[in-house]
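Structural overview
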Amino acid sequence: MSFSSAGYQLLPVLPELVLAVGAMALLMLGAYRSEGTTTRLVTGLAVVLLVLTGVLELMLPAGKLTTFGGSFIVDDFARFLKILAIIGSAVTLILSTEFLSDPSRRIFEYSILVLLSTLGMMVLISAADLIMLYLGLELMSLALYVVAASNRDNAKSTEAGLKYFVLGALSSGMLLYGASLIYGFTGTVDFAGIAAAVKTGSVGIVFGLVFLLAGLCFKVSAVPFHMWTPDVYEGAPTPVTAFFASAPKVAALAVFTRVTLTAFPGIVPQWQQILVFVAIASMALGSFAAIGQRNIKRLMAYSSIGHMGFALVGLASGTVEGAQGVLVYIAIYVAMTLGTFAVILSMKRDGQPMEQISDFAGLSRTNPMLAFFFAMLLFSLAGIPPLAGFFAKWYVFVAAIKAGLFTLAVIGVLTSVVGAFYYLTIIKVMYFDEPAGQIEPMRIELRTVLAVAGIFNIFFFVYPGPLVSVATAAAKSLF
Amino acid sequence: MILPALFFYLFAGVCVASAVMVIVSRNPVHSVLYLILAFVNASGLFVLMGAEFLGMMLIVVYVGAVAVLFLFVIMMLDVDFTELREGFLEYLPIGLVIGGIFLAELLLVAGGWVMKPDTAKQITAAIPTNVSNTEALGLVLYTKYIHYFQIAGMVLLVAMIGAIVLTLRHKAKVKRQDINVQNARTPELAMAVRKVASGQGLQDSDAAEWVK
């Protein structure tokens, strides 16, 4: 037989294997254990499993590991983003405990689906060929469609799940069509092979690339493939929205970066113009469309569209600095988003969640600590120095300027000024409006997440070294 | 040489025609039947290309499972298809315009199609000549491409969990079969032996104990 086990070591996929087997074991545990405390137990064990997976990922031998005939790759880039995705998923599970404790929604499968989605993200981040990319993307997305609709007695949640599913299926179709064109024109699905075959941008390759990027833009919710985002963010249960805004964005941005930089380094100008357009459109829409929003979850949806635009500014430069900027940006973005959602989840009055911006009125007087942290997170999202969000934008804009993309950088700075307006509106409502009433005391897990995210945001400028140097090493491993 | 070409045009023509009929026929059941016809013809095309395994799988999976499932859903659900179709004509012009632009672009691309000479060499798995289609697939699917196969399995697992999460409802008033309880049942639990005095029959108090 021609098959040999050389190049098929299982060590590089050990974290994924542990996660997959663990998720299936937890599924059995949930299915055979009687109801009651099962959901709680499975959620707790799922967090433990994610932590274990992260530790295993860090313990893998250093350097670049490949397996499965080169279709699965573990380099510094993959390690950095996998850890980030795992943190996003684990924190989401922690934020979900209250949502899951409601007797009517005691579904232990929620944690299993988050685990399997995380498995998909890890596959996606490590994908080094188009088939692996597609399988990882589907594994990630399919679980997301289900958790979006997990509050199934709520019409909005069901609508969110269905809308996400239909549009997601459409984007998968486009991605596959692009992948098949690329395979047809290069004769290989392997990223390295594609890079070797694509030296000049023939029409066919560019055509395939456009479809591939369209599919990926959908996953990072970049304009013009953003339509699903506000509705899905608003309709899905809030912990699920927190999940959508963090871990899947990490994975999608990771594969976006890896595909453009490792599979198409030969035709940078061709994809650069696409990315410049997408980045400008996302930043502009994220800033202007958010102004009129009254619902905080919809606002966060537009905010995430805008932030993906800023991250793509870094990628558009196509340099090591650009990739490093993307990595720093996404890491800080995840911290800011999770902290913000911890605040949104804690906004409850008489057991009812409050999602309108007007509900934040006078929070500084009724709950000064919460208001302070939220204000810091909002300032950070707006990119005001010396908070972490400023440095995130700094790195991507510097990369864009170094690559000669002055227009892009100027438009980016201008839109971030517009974007600051709606973040400042919320702060104004919190600090200068009459209190609308007392909110329920914050749960301990929300308080912890908010404190960690807030402190990271405020004190990032004191000691940015570790994150920046790890991001630099990760970015270099792609080139 | 003329026969394969003849069959190609036969299968391709019927396939396209039945695909058109799927969307224009008024009766949804007819649509599904046309869909099945399209699948059968597509599988004929696969067989013509020498991919007999794919051809058979298309019939087994799409005709045997998917299309029949469609048929069930259409017959069971009371969906008013004429109402769904109302917007069809309204959106037809813009659909045609976009479709036309798209087709022109695709033709532009196909017109500039130049196959790289080493494309055939770069195909990762060399096609074995001495084994059948099915065997050739089997040789790589569980060895060289085991990881794809396993991840595809995980995707199907997620689909299964998702279907259960979204549709299964535990209704309180439904009586369920509990096999453990059934197995644990003993004659002592189920039966009571009473000595009945002649001419008296069982008393009501005995009956209450008996119905356990």
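Numbering of residues starts from 1 in each chain and follows the order in which that chain's sequence is written. Chains carry letters from A onward and ligands carry numbers from 1 onward, assigned in written order. Predicted model: local features are reported for residues with pLDDT of at least 70 only, side-chain atom pairs are reported and counted for 80 or more only, and whole-chain, interface and lining totals are derived from all residues. Values shown for side chains rest on all heavy atoms present in the structure; no hydrogens or waters enter the calculation.

1. Describing the overall build of chain A
Across its full length, chain A carries 21 helices and four strands. Whereas a compact globule of 479 residues would reach a radius of gyration of roughly 23 Å, chain A reaches 21 Å, a difference of no more than 12%. With respect to the principal axes defined by its C-alpha atoms, chain A has extents near 70 × 60 × 40 Å. A burial count over chain A gives 63% of its 479 residues as buried. Each helix is a run of H or I in the DSSP string that is no shorter than four residues. Each strand is a run of E no shorter than two, and both are numbered from the N terminus. Throughout, radius of gyration means the C-alpha value; the globule benchmark is 2.2 Å times the number of residues raised to the power 0.38. Partly exposed describes any residue whose relative accessible area lies between the buried limit of under 20% and the exposed limit of over 50%, with all areas from a 1.4 Å probe on protein chains only and scaled to the type maximum.

2. Side note on the overall build of chain B
The helix and strand inventory of chain B stands at eleven helices and zero strands. From first element to last, N terminus to C terminus, chain B shows the α and β order α-α-α-α-α-α-α-α-α-α-α. The burial tally for chain B puts 17% of its 212 residues in the buried class. Whether two residues are in contact is decided by their heavy atoms, any of which lying within 4.5 Å being enough. Put simply, 47% of the contacts in chain B that link residues at least 6 apart link residues at least 24 apart. Surface summary for chain B: the accessible area is close to 16300 Å², and the carbon and sulfur share equals 70%. Accessible surface is estimated by sampling points in the Shrake-Rupley manner with a 1.4 Å probe; for residues, cover comes only from the protein chains shown.

3. Topic: the pattern of salt bridges
Residue and element names in this part refer to chain A. A carboxyl oxygen of Asp or Glu within 4 Å of a side-chain nitrogen of Lys or Arg is what we treat as a salt bridge. By the definition in use, this model includes 14 salt bridges over all chains. Across the salt bridge formed by Asp231 and Arg298, the nearest N and O atoms sit 3.1 Å from each other. In this pair, Asp231 sits in helix 10 (residues 228-235) while Arg298 sits in helix 14 (residues 296-316), placing the two residues 67 residues apart along the sequence. For Asp231, a relative accessible area of 24% translates into the label partly exposed. One salt bridge in this structure joins Lys428 and Asp433, with 3.7 Å as the shortest N-O distance. In this structure Lys428 comes out as partly exposed when scored by relative accessible area, which is 43%. Here Asp433 falls in the partly exposed class, since its relative accessible area comes to 23%. Counted as one network, the salt bridges with shared partners bring together Lys156, Glu159, Lys163, Asp231, Glu234 and Arg298.

4. Topic: the environment of B:Arg26
As for its position among the elements, B:Arg26 is in the loop between helix 1 (2-24) and helix 2 (28-48). Under the relative-accessibility criterion, B:Arg26 is labelled exposed at 70%.

5. A word on the interface of chain A and chain B
The interface of chain A with chain B comprises 40 residues on the first partner and 33 residues on the second. Simply put, the buried area is the total loss of 1.4 Å probe accessible area from both parts when two parts are fitted together. At the boundary of chain A with chain B, total buried surface from both sides reaches about 3200 Å², with 76% on carbon and sulfur atoms. Linking chain A to chain B there are zero salt bridges. In protein, a polar contact requires one atom able to donate a hydrogen and another able to accept it; more generally it is a pair of N or O atoms within 3.5 Å, and residues adjacent in sequence count only if both atoms are side-chain atoms. Linking chain A to chain B there are five residue pairs in polar contact (both at pLDDT 80 or more). Counting only elements with at least two residues in the side of chain A that touches chain B, the list comes to helix 1 (14-32), helix 5 (109-126), helix 6 (130-148), helix 7 (155-186) and helix 9 (203-220) of chain A. In terms of residues, the side of chain A that touches chain B owes the most to one element, helix 6 of chain A, which gives seven residues.

6. Remarks on the side chain of A:Ser89
Residues and elements named next belong to chain A. Examined against the element boundaries, Ser89 turns out to sit in helix 3 (residues 76-95). Note on Ser89: relative accessible area 0%, which makes it buried. Among the polar contacts listed, one links the side chain of Ser89 to the side chain of Thr118, at a separation of 3.0 Å. Once residues within four sequence positions are removed from consideration, Ser89 is found in contact with Leu50, Val114, Thr118, Met121, Phe243 and Ala247.

7. A closer look at the environment of B:Phe53
Residues and elements named next belong to chain B. Mapping Phe53 onto the fold places it in helix 3 (residues 52-76). With a relative accessible area of 25%, Phe53 lands in the partly exposed category. Remark: the alpha-carbon pair of Phe53 and Asn133, spanning 80 residues in sequence, is separated by 6.1 Å. Setting aside residues no more than four positions away along its own chain, Phe53 makes contact with Asn133, Thr134 and Leu137.

8. Digging into the packing of helix 5 of chain A against helix 8 (residues 146-167) of chain B
Note on method: axes are straight lines fitted to C-alpha atoms, helices fitted across the in-contact stretch only, with angles between N-to-C directions ranging 0 to 180 degrees. With their axes 11 Å apart at the nearest point, helix 5 of chain A and helix 8 of chain B run at an angle of 155° to one another. Viewed along their axes, helix 5 of chain A and helix 8 of chain B adopt a mutual orientation that is roughly antiparallel. Judged by the twist between their axes, the crossing of helix 5 of chain A over helix 8 of chain B is left-handed. Contacts from A:Glu109, A:Ile112, A:Leu113, A:Leu116, A:Leu119 and A:Val123 of helix 5 of chain A reach helix 8 of chain B at B:Ile151, B:Met154, B:Leu157, B:Val158, B:Ile161 and B:Val165. Residues are sorted three ways: Asp, Glu, Lys and Arg are charged, Ala, Val, Leu, Ile, Met, Phe, Trp, Tyr, Cys and Pro are nonpolar, and all the rest, Gly among them, are polar. A per-class count over the contact of helix 5 of chain A with helix 8 of chain B returns eleven nonpolar, no polar and one charged. Oblique is the label for every angle not falling under 35 degrees (roughly parallel), over 145 degrees (roughly antiparallel), or within 65 to 115 degrees (roughly perpendicular). In a left-handed crossing the near helix is turned counterclockwise from the far helix by less than a right angle, and in a right-handed crossing that turn is clockwise.

9. A look at helix 5 of chain A
Every helix has an expected span of 1.5 Å times one less than the residues it contains. Over its 18 residues, helix 5 of chain A runs 26 Å from end to end, which matches the ideal 26 Å to within 8%, given 1.5 Å per residue. In terms of residue burial, helix 5 of chain A counts as a mostly covered element, since 18 of its 18 residues are buried.

10. Let's talk about the nonpolar core
For the purposes of this section, nonpolar cores are sets of buried Ala, Val, Leu, Ile, Met, Phe, Trp, Tyr and Cys residues that join through side-chain atoms within 4.5 Å. The biggest cluster of nonpolar side chains holds 195 residues, and the ones touching the most others in it are A:Leu81, A:Phe244 and A:Phe264. The element contributing the most residues to this core is helix 15 (residues 320-346) of chain A, with 17 residues. Each residue touching A:Phe244, except ones within four places of it in the same chain, is listed here: A:Leu144, A:Val147, A:Ala148, A:Tyr164, A:Val232, A:Tyr233, A:Ala236 and A:Lys249. Within the second largest apolar cluster, seven residues are counted, among which are B:Val32, B:Phe39, B:Val63 and B:Ala67.

11. Considerations on the domain arrangement of chain B
You can read the domains of chain B as domain 1 (1-79) and domain 2 (128-166). Boundary definitions for the domains trace back to an automatic or database domain assignment. Here domain 1 of chain B and domain 2 of chain B have C-alpha centroids that lie 24 Å from each other.

12. Things to note about a nonpolar patch on the surface
Residues and elements named next belong to chain B. Only residues whose relative accessible area exceeds 30% and that take part in no salt bridge are eligible for patches, with like-charged residues grouped when within 9 Å of each other and nonpolar side chains (Val, Leu, Ile, Met, Phe, Trp, Tyr) grouped when within 5 Å. Where nonpolar side chains cluster on the molecular surface, the patch consists of Ile2, Leu3, Leu6, Phe7, Phe8, Tyr9, Leu10 and Leu48 and spans about 850 Å² of accessible area. No other element matches the seven residues that helix 1 contributes to the nonpolar patch. Within the secondary structure, Phe8 sits in helix 1. Classification of Phe8 by relative accessible area gives partly exposed; the value is 40%.

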